[in-house]
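# Remarks on the overall topology
The primary structure of each chain is shown beneath.
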Amino acid sequence: ICSTRKVKKIIFKKRFMVRKCLSYLVPINILKVKSEFSKTLEVTYNNGELVIDSLNTNYSYGSLQRILAKGLRFIGKEKIQNMNHILILGIAGGSVIKTLRTKFSYQNQITGVEIDKSVIDIANKYFQLDEIQNLDIIIADAYEFVLESTNQYDLILIDIFQDTVMPSFLFEKYFTKKIQDLTAAKGYILFNTMINKKSEQERNDQYIVQYSDGFKVTRLSKVENHNEIIIANKIY
């Protein structure tokens, strides 16, 4: 039985290597599933890289990983390494968790909140998310989690999309105020947003005004063309 399992594992790996090589010529789809929250989710090899896409956008890894990495670089590797607890709202495939571990050498506690269990199942199977240490994954609505939480976090990373749509609660005053309250002294909020039209630019303009004088807010615009990263640093 062990020998048969070993052979199957080798064949499985070889198939993935072939697909990976072919993906430099054309994207190779591996899996497509329905999602209650993002319509469809696809696991695809693209230019040798395994990514998760929703119907109309990259959902995890790929360009999204580069977007969030840029925001983290703005905060700084040394500061991130010294943080005790990071909260991630919207895990998807866990690309930012891998980035924190490998690129920023952050080894302390991460709490990740994700409403879509199907994408966590994908992340565990194809990206070994369940093998990461000091990671607590909570399947829950981010809005409800934030309202009920009493913990303090050194970094709160918000990356919540339903395909290309951002839930409206992310920009509500009450939610924003609660996020600020959960941010530890000298901590950070990193909010990934998407801007495809004028109304979304105005939405972000109005969102920024909600921050109190105790925060220094920076905007990184036109990241990978359509994303704007909003970074708020709690001064005291």
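This report concerns the structure included in the present document. The numbers attached to residues start from 1 for each chain and follow its sequence in the written order. With pLDDT at 70 or above as the cut-off, local features in this predicted model cover only qualifying residues; side-chain atom pairs require 80 or more to be listed or tallied, and sums for whole chains, interfaces and linings still use all residues. Excluding hydrogens and water, the side-chain values take into account all heavy atoms of the structure.

### Things to note about the nonpolar core
Counted only if it meets this: In this text, buried Ala, Val, Leu, Ile, Met, Phe, Trp, Tyr and Cys residues form a nonpolar core when linked through side-chain atoms within 4.5 Å. Residue exposure (1.4 Å probe, protein chains only): buried if accessible area is under 20% of the type maximum, exposed if over 50%, otherwise partly exposed. For helices the rule is a DSSP run of H or I covering at least 4 residues; for strands it is a run of E covering at least 2, with both sets numbered from the N terminus onward.
One finds L72, I97 and L190 to be the most contacted residues of the largest nonpolar core, which totals 41 residues. Counting residues per element, this core draws most heavily on helix α5 (residues 117–127), at six residues. Formed by 27 residues, the second largest nonpolar core is a distinct cluster that contains L87, L89, F171 and F191.

### Quick look at the sheet that holds strand β5 (residues 85–89)
Our working rule: Strands are treated as partners if at least two bridges between them are detected by DSSP. Axis definition: a line fitted to C-alpha atoms, limited for helices to the stretch in contact. Angles are taken between N-to-C directions and run from 0 to 180 degrees.
The strand order across the open sheet built from seven strands is β7-β6-β5-β8-β9-β11-β10, with neighbouring strands paired in mixed fashion. Each edge of the sheet is formed by a strand with only one pairing partner; in this case those strands are β7 (135–139) and β10 (215–223). Direction aside, neighbouring strands of the sheet carry axes that sit 15° apart on average. In this structure, strand β9 (residues 183–194) lies alongside strand β11 (residues 227–234), joined through seven bridges in antiparallel fashion.

### Considering unusual backbone geometry
Backbone geometry at N134 places phi at a positive 55°, although glycine is not the residue there. With respect to the element layout, N134 can be found in the loop between α5 and β7. Look at N225: it is not a glycine, yet its phi comes out positive at around 80°. The topology assignment puts N225 in the loop between β10 and β11.

### A few points about the packing of helix α2 (residues 63–75) against helix α4 (residues 95–102)
Under the convention used in this document: The scheme is simple: roughly parallel for angles under 35 degrees, roughly antiparallel for over 145, roughly perpendicular for 65 to 115, oblique for anything else. If you view the pair so one helix is near and one far, a crossing is left-handed when the near helix is turned anticlockwise from the far one by less than a right angle, and right-handed when it is turned clockwise. What makes two residues a contact is simply this: any of their non-hydrogen atoms within 4.5 Å. Lys, Arg, Asp and Glu make up the charged group, whereas Ala, Val, Leu, Ile, Met, Phe, Trp, Tyr, Cys and Pro make up the nonpolar group; the residues left over, Gly among them, are polar.
Taken N-terminus to C-terminus, the directions of α2 and α4 make an angle of 45°; their axes are 9 Å apart at the nearest point. Relative to α4, the element α2 lies oblique. Seen from above, α2 lies across α4 with right-handed handedness. Contacts from Q65, L68, A69 and L72 in α2 reach S95, V96, K98, T99 and L100 in α4. Grouping the constituent residues of the contact of α2 with α4 by class yields five nonpolar, three polar and one charged.

### Overview of the pattern of salt bridges
Any two side chains of opposite charge can pair, so long as their charged atoms come close to each other. Our working rule: What makes a salt bridge here is a side-chain nitrogen of Lys or Arg within 4 Å of a carboxyl oxygen of Asp or Glu, nothing more.
By the definition in use, this model includes six salt bridges. With its nearest N and O atoms 3.7 Å apart, the salt bridge here joins E42 to K32. Of this pair, E42 sits in strand β2 (residues 39–46) while K32 sits in strand β1 (residues 28–35); the two residues are 10 residues apart in sequence, bridging distant segments of the chain. Taking the relative accessible area as the measure of exposure, K32 reaches 55% and is therefore exposed.

### Some remarks on the side chain of E114
Threshold: A positive count includes Lys and Arg, and a negative count includes Asp and Glu. His and the chain ends are not counted in either. Counted as a polar contact is a pair of N or O atoms within 3.5 Å, where, for protein atoms, one must be capable of donating a hydrogen and the other of accepting one, and residues adjacent in sequence contribute only when both atoms are in side chains.
Note that E114 resides in strand β6 (residues 109–114). No salt bridge is formed by the buried E114; the nearest opposite charge belongs to K117, separated by 12 Å. Within the local environment of E114, its side chain forms a polar contact with the backbone nitrogen of I91, the two atoms lying 3.0 Å apart.

### Here's the deal with the environment of A185
Here A185 is to be found in strand β9. Taking the C-alpha atoms as reference points, A185 and I235, 50 residues apart in sequence, are found 6.9 Å from one another. Not counting residues within four places of it along the chain, the set of residues in contact with A185 comprises Q152, K234 and Y236.

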